[in-house]
Amino acid sequence: MSLTVTDLRVHYRTPRGEVRALDGVTFTVADGEIMGLAGESGSGKSTLGTSLVRLDGRMRHVGGTVELDGVPLPVADSAAMDRFRFRAVSVIPQYSMSALNPTRKIGKMVAELLASRGERPDRAELERRLALVGLPPDVLGRYPIELSGGMKQRVVMVVSTLLNPSLLIADEVTSALDVSSQKAVAGMLLGLRDEGLVTSMIMVTHDISLVYQIADTIAVMYAGRLAEKAPADVIVTAPRHPYTRLLISSLPEVGVRQAERRLDGIPGTPPSLLDPPEGCRFRDRCPLAFDRCAERPPFAEVAPGHSVACWKAV
Ligand SMILES: Nc1ncnc2c1ncn2[C@@H]1O[C@H](COP(=O)(O)OP(=O)(O)OP(=O)(O)O)[C@@H](O)[C@H]1O
Ligand code: SF4
Ligand SMILES: [Mg+2]
């Protein structure tokens, strides 16, 4: 499975105008790749993740294409996307563990989901998958309220991957958990890929130090666009975009002692996406900004597998 996203633009309709939440995003995810997607709150991570699976009523596909193994995904057409959901692309939405239907036992929910896809539950396989994420088979007979946060999150992981999707998008699946559960859930995501239940993955997170432990590559978003994408160790040890550098410098011991730290501490705020400025979106906060930054920098490949949107990096 390889994913190719080209100049994807998705806006939200609001009474105050269109929020340009995704404003020209281009990247690829290779077969088997786990890509971390990081960036400040509001940078568009969830919008990007959900756009690949399901546009909700307020979202508008303004332009751009998404291809899976060279086959175009009809992301703008929710009905046409239905036959790709769960099988080709599946998402664990942000906050989904709190959205489990409280009136359904887990086993019933799984059976209903499979029935809606024309499949029947295979009890032995289901139990094997629950065991893979450390859950006993009796969770199938329980209601969501009878499970801890970490258990609910793992149920959602199993449900989202029942049909072995080629691409799984996991949106902040660890953020509501304590540090030891975060590490366990991150490890289980890796296990899903290694077991072949999902082929490739996009793991959305605020937490570079956590995603660094499992991701092959990391993409950094800023104000509706990608700032940089590179192999995870390159992002952490040799970032080229000034924004990524600031993010990484706020995590002095990345992947080691600061695993619980989050991205913060960069002075200033991102521009409004209702009426974003021309040129580089990071200009107002960038220590290296110069005249040319009034023009939008291209997301250009500076080394194999390493792309950066910055005039100072090309
Ligand atoms: N339903 C909506 N209506 C209008 N604007 C929205 C809606 N959902 C998101 N936005 C806006 O789109 C932009 C991107 O939001 P998104 O949720 O994708 O960010 P995010 O990077 O996932 O943030 P977080 O880290 O807080 O989850 C933000 O400016 C946000 O205010
Ligand atoms: S293009 Fe200019 S403003 Fe934007 S990150 Fe690079 S140097 Fe800074
Ligand atoms: Mg989000």
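Residues numbered from 1 in each chain as written. Chains lettered and ligands numbered in written order. Predicted model: local features only at pLDDT ≥ 70, side-chain atom pairs only at ≥ 80, totals over all residues. Heavy atoms only, no water.

This next bit is on the overall build of the protein chain. A count of helical and extended segments in the protein chain gives nine helices and 12 strands. Against the globule reference of 20 Å for 314 residues, the protein chain gives a C-alpha radius of gyration of 20 Å, in line with a compact fold. Expressed as lengths along the three principal axes of its C-alpha atoms, the size of the protein chain is roughly 65 × 45 × 40 Å. Residues counted as buried form 51% of the 314 residues belonging to the protein chain. Expressed as a percentage of contacts within the protein chain between residues at least 6 apart in sequence, the contacts between residues at least 24 apart total 65%. For the protein chain, the accessible surface area stands at approximately 13,600 Å², while carbon and sulfur atoms represent 51% of it. (Helix = DSSP H or I, 4+ residues; strand = E, 2+ residues; numbered from the N terminus. Rg over C-alpha atoms; globule rule 2.2 N^0.38 Å. Buried < 20%, exposed > 50% of the residue type's maximum accessible area, 1.4 Å probe, protein only. Contact = heavy atoms within 4.5 Å. Areas by Shrake-Rupley, 256 points an atom, 1.4 Å probe, with all protein chains shown as cover.)

Once that is clear, we can look at the sheet that holds strand 8 (residues 200-204). What the eight strands build is an open sheet, ordered 6-7-8-3-9-10-12-11; its pairing is mixed. Each of the sheet's edge strands pairs with one partner strand only, and the pair in question is strand 6 (89-92) and strand 11 (300-303). Adjacent strand axes in the sheet meet at a mean angle of 20° when their direction is disregarded. Two elements, strand 3 (residues 34-38) and strand 8, share four bridges in a ladder whose sense is parallel. (Pairing = 2+ DSSP bridges. Axes fitted to C-alpha atoms, helices over the stretch in contact; angles between N-to-C directions.)

Contacts to ligand 2 come from H241, P242, C280, R283, C286, L288, A289, C293, P297, C310, W311 and K312. Among the residues making up the shell around ligand 2, the classes are represented as nine nonpolar, one polar and two charged. (Near = heavy atom within 4 Å. Nonpolar A, V, L, I, M, F, W, Y, C, P; charged D, E, K, R; others polar.)

Another aspect to go through is the coordination of the magnesium ion (ligand 3). Every protein donor of the magnesium ion (ligand 3) is listed here as S46 (OG) and Q94 (OE1), and their distances to the metal cover 2.0 to 2.2 Å. Here the residue S46 occupies a position in helix 1 (residues 45-51), and Q94 occupies one in the loop between strand 6 and helix 3 (106-116), the gap between them amounting to 48 residues. Taking the relative accessible area as the measure of exposure, Q94 reaches 24% and is therefore partly exposed. (Donors = N, O, S within 2.8 Å, 3.2 Å for Na, K, Ca; no water.)

With six of six residues buried, strand 9 (residues 217-222) lies mostly within the body of the structure. Side-chain alternation along strand 9 places T217, A219 and M221 on one buried face and I218, V220 and Y222 on a second face that is also buried. Judged from the four bridges that link them, strand 3 and strand 9 form a sheet pairing that is parallel. Paired with A38 across the bridge in strand 9 is V220.

Glancing now at the nonpolar core. Core analysis: the largest hydrophobic core is formed by 64 residues, its most contacted members being M157, L189, I208 and I218. No other element matches helix 5 (residues 149-160), which puts six residues into this core. Counting residues in each nonpolar core, the second largest holds 32 residues, with L22, F27, L73 and M81 among its members. (Core = buried A, V, L, I, M, F, W, Y, C linked by side-chain atoms within 4.5 Å.)

What follows concerns helix 5. For helix 5, which comprises 12 residues, the first-to-last C-alpha distance of 17 Å matches the rise-based estimate of 16 Å (1.5 Å per residue) to within 8%. Across the 12 residues that make up helix 5, a large majority, 11, are buried. (Expected span 1.5 Å × (residues − 1).)

Turning next to the site of ligand 1. Inspection of the region around ligand 1 gives 16 residues, with S41, G42, K45, S46 and T47 positioned closest. With respect to ligand 1, the side chain of T47 contributes an N or O atom lying 2.4 Å from an oxygen atom. With the chains in place, 72% of the 630 Å² that ligand 1 exposes on its own is no longer accessible. At the level of elements, strand 1 (3-14), strand 2 (17-29) and helix 1 are the ones that each hand at least two residues to the shell around ligand 1. If one sorts the elements of the shell around ligand 1 by residue count, helix 1 sits on top with three residues. Its residues assigned to classes, the shell around ligand 1 comprises four nonpolar, nine polar and three charged. (Polar contact = N/O pair within 3.5 Å; in protein donor to acceptor, adjacent residues only side chain to side chain.)

Geometry only, nothing functional implied.
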